[in-house]
Amino acid sequence: MLLIAFTTAFLGQIYIFPFGTSFRVGMGVIVFVVLLLYFSEVNIFFTALLTSVIVPIFRILLDIAFNQLPWTEAFSHHFPTSIYYIAFGSIFRRFHSTNPSDNLLYFVVYLGIIDTLSNCAELLVRTLVTKEIPLQFFDDAIPFIAAVGFSRGLIILLLYWLLQKYTSMILEKIEKERYLRFLVLSLNLKNELYFLVRAADKIEKVMRKSYEVYSLLSSEKETEQIKEELKNKALELAVDMHEIKKDYFQVKGRIEKLLPDVDVTEAIEIREIMEFLKKLSLEYAESLNKTVNIRFESKLNFKTDKYAYLFPLLNELIQNAIEAIDKEIGVIEVELSQDGEDVIFKVKDNGEGIKPKNLETIFEPGFSTKFDKNTGKMSSGLGLCQVKRLVEILKGEISLHSELAKGTVFTVKIPKEMLIKK
């Protein structure tokens, strides 16, 4: 309520004097009504009552401070303004549930009538109480006041519509960003599930081989003591592997239940994906206390429904580039272009580069040169392996060029038909 009242008072200083008296027509009323419509939960009458106090006091103080008017004269000029806001609030609150979009013509007429009646109430006070407007002039002023009222109704409708449109766009953007953040998290977890399943398969093989050893030892003729000991250990190993396998599948099942289905069909513009990736990348660089200039250049734009693959793919490449930065100020360039029927993604950094001996094995599971300096633990080495797998799902190719102390360029080439929403 205070926000509405003070905003109305400030913007009410944009005005004209149509009759050569202290009666004014200004922007304050327009802002007052727009804000009442926008903040629909406020109490209309009490807001109008508060505004009817703050607006005159604000104008009186301005007249005393800048026009050197005695406070009695300033009060006489401005207290009738209170009548306008009280009258407006009293009538307007009866239609609190009125939605401008329900009936546009009715809304404009309705506002025009309320504004005209409220102005007439103020003019009556200025005519009968303060005597600043002659009584015979009152009838001539009504057509002008009505024209102002209906004009303000149109302006209020337009401003309210623009405000609603702007708010809707902001909320849509916020919701989309939340959705994309959640999607990235979901996709990262689903990618981890892939390796969880692979690990379970390997455990299954170890368990089977352990049992084969147990069976073999059971049939061979060995010293009874050694034979019994080896049999027990082999059996324990098989049992342990079986328990680990069960735990793996329990975890996998629970994660799958928690995660939503990411096989979405709604398409998103590729530029939106790039903008969101830039925001995520800057946040990641900041979390590592690195100063990195990240430049995104997009030479084409299209809608894709394959962002479930593109997000983790590009995000992993960009995060690797950020981690590779070993300078005070790093530079990363992400380029999107087209070459014939292929879409080309390039992620270029000026980091430390990759040693030639590591180039052939860099996409293999478990390969990593990264480790936590605080704990000394190596990275899992699954990131670039996932990238390669996602590129292959999209029937694309990935290559890299690296020079020590100069940087690395990853190039991903994907058929455009695999990305464009059909």
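All values reported here derive from a predicted model rather than from experimental measurement.

As for the overall build of the protein chain
The helix and strand tally for the protein chain stands at 12 helices and 9 strands. In the protein chain, which comprises 422 residues, the proportion classed as buried is 41%. Long-range pairs, those at least 24 residues apart, make up 72% of the contacts in the protein chain between residues at least 6 apart in sequence. Carbon and sulfur atoms provide 59% of the accessible area of the protein chain, an area that totals close to 24200 Å².

Some thoughts on the pattern of salt bridges
Applying the stated criterion across every chain, the model contains 7 salt bridges. Across the salt bridge formed by Asp-326 and Lys-327, the nearest N and O atoms sit 3.6 Å from each other. With a closest N to O distance of 3.5 Å, Glu-403 and Lys-406 form a salt bridge. Connected through shared salt-bridge partners, Arg-295, Glu-333, Glu-335 and Lys-348 make up one network.

A short note on the packing of aromatic side chains
Considering all chains together, one arrives at 10 aromatic pairs under this definition. For the pair Phe-32 and Tyr-85, a centre-to-centre distance of 5.2 Å together with 85 degrees between the ring planes defines the contact as edge-to-face. Taken together, the positions of Phe-32 in helix α2 (residues 28-38) and Tyr-85 in helix α5 (residues 80-92) put the pair 53 residues apart, joining distant regions of the chain. Of the two residues, Phe-32 and Tyr-85, neither departs from the other in class, the shared state being buried. Among the aromatic residues, those joined into a ring-pair cluster are Phe-32, Tyr-84, Tyr-85, Phe-88 and Phe-92.

Examining the sheet that holds strand β9 (residues 407-415)
As summarised here, the arrangement of the 5 strands in space is β4-β6-β7-β9-β8, forming an open sheet in which the pairing is mixed. The strands lining the two open edges of the sheet, one partner per strand, are β4 (291-298) and β8 (397-403). Across the sheet, the axes of successive neighbouring strands diverge by a mean angle of 10 degrees, strand direction being ignored. Pairing of strand β6 (residues 329-339) with strand β7 (residues 342-349), which is carried by 8 bridges, proceeds in the antiparallel orientation. Pairing of Gln-338 across the sheet is with Val-343, part of β7. On top of the sheet, helix α9 (residues 270-287) reaches β4, β6 and β7; it is set at about 175 degrees to β4, its chief contact. Sheet contacts for helix α10 (residues 307-324): β4, β6, β7, β8 and β9; angle to β7, the most-contacted strand, approximately 25 degrees.

Topic: the side chain of Thr-8
In this fold, Thr-8 is placed in helix α1 (residues 2-11). Among residues more than four places away in sequence, those in contact with Thr-8 are Gly-28, Phe-32, Thr-51, Val-55 and Tyr-85.

What about the nonpolar core?
Ranked by size, the top nonpolar core spans 44 residues in total, and within it Leu-313, Leu-317, Ile-332 and Phe-345 carry the most contacts. Elements with a minimum of two residues in this core: α9, β4, α10, β6, β7, α11 (383-393), β9 and α12 (416-419). When residues in this core are grouped by element, the largest group, 9 residues, is from α10. Among all residues touching Ile-332, those that are not within four sequence positions of it are Val-292, Asn-293, Ile-294, Arg-295, Ile-318, Ala-321, Ile-322, Ile-325, Val-347, Lys-348 and Asp-349. In terms of nonpolar packing, the next biggest core, distinct from the first, is built from 30 residues, Ile-30, Val-31, Leu-37 and Ile-114 among them.

Things to note about the packing of α10 against α11
If you want to describe how two helices pack, look at the angle between their axes and the distance between the axes. It is the contact of α10 with α11, at a shortest axis distance of 9 Å, that shows an interaxial angle of 145 degrees. Crossing of α10 against α11: the hand is left-handed. Contacts between α10 and α11 involve Tyr-309, Pro-312, Leu-313, Glu-316, Leu-317 and Asn-320 on the former and, on the latter, Gly-383, Leu-384, Val-387, Leu-390, Val-391 and Ile-393. Looking at the contact of α10 with α11 residue by residue, the class counts come to 9 nonpolar, 2 polar and 1 charged.

Observations regarding the pairing of β8
Summarising the sheet, β8 and β9 pair through 7 bridges and their orientation is antiparallel. By the bridge assignment for β9, Ser-399 is matched with Thr-411. Between β8 and β9, which pair antiparallel one after the other, the connecting turn spans 3 residues, and Ala-405 there sits at a positive phi close to 70 degrees.

Cut-offs applied
Residues numbered from 1 in each chain as written. Predicted model: local features only at pLDDT ≥ 70, side-chain atom pairs only at ≥ 80, totals over all residues. Heavy atoms only, no water. Helix = DSSP H or I, 4+ residues; strand = E, 2+ residues; numbered from the N terminus. Buried < 20%, exposed > 50% of the residue type's maximum accessible area, 1.4 Å probe, protein only. Contact = heavy atoms within 4.5 Å. Areas by Shrake-Rupley, 256 points an atom, 1.4 Å probe, with all protein chains shown as cover. Salt bridge = Lys/Arg side-chain N within 4 Å of Asp/Glu carboxyl O. Phe/Tyr/Trp six-rings, centres within 6.5 Å; stacked < 30°, edge-to-face > 60°. Pairing = 2+ DSSP bridges. Axes fitted to C-alpha atoms, helices over the stretch in contact; angles between N-to-C directions. Core = buried A, V, L, I, M, F, W, Y, C linked by side-chain atoms within 4.5 Å. Left-handed = near helix turned anticlockwise from the far one by under 90°. Nonpolar A, V, L, I, M, F, W, Y, C, P; charged D, E, K, R; others polar.

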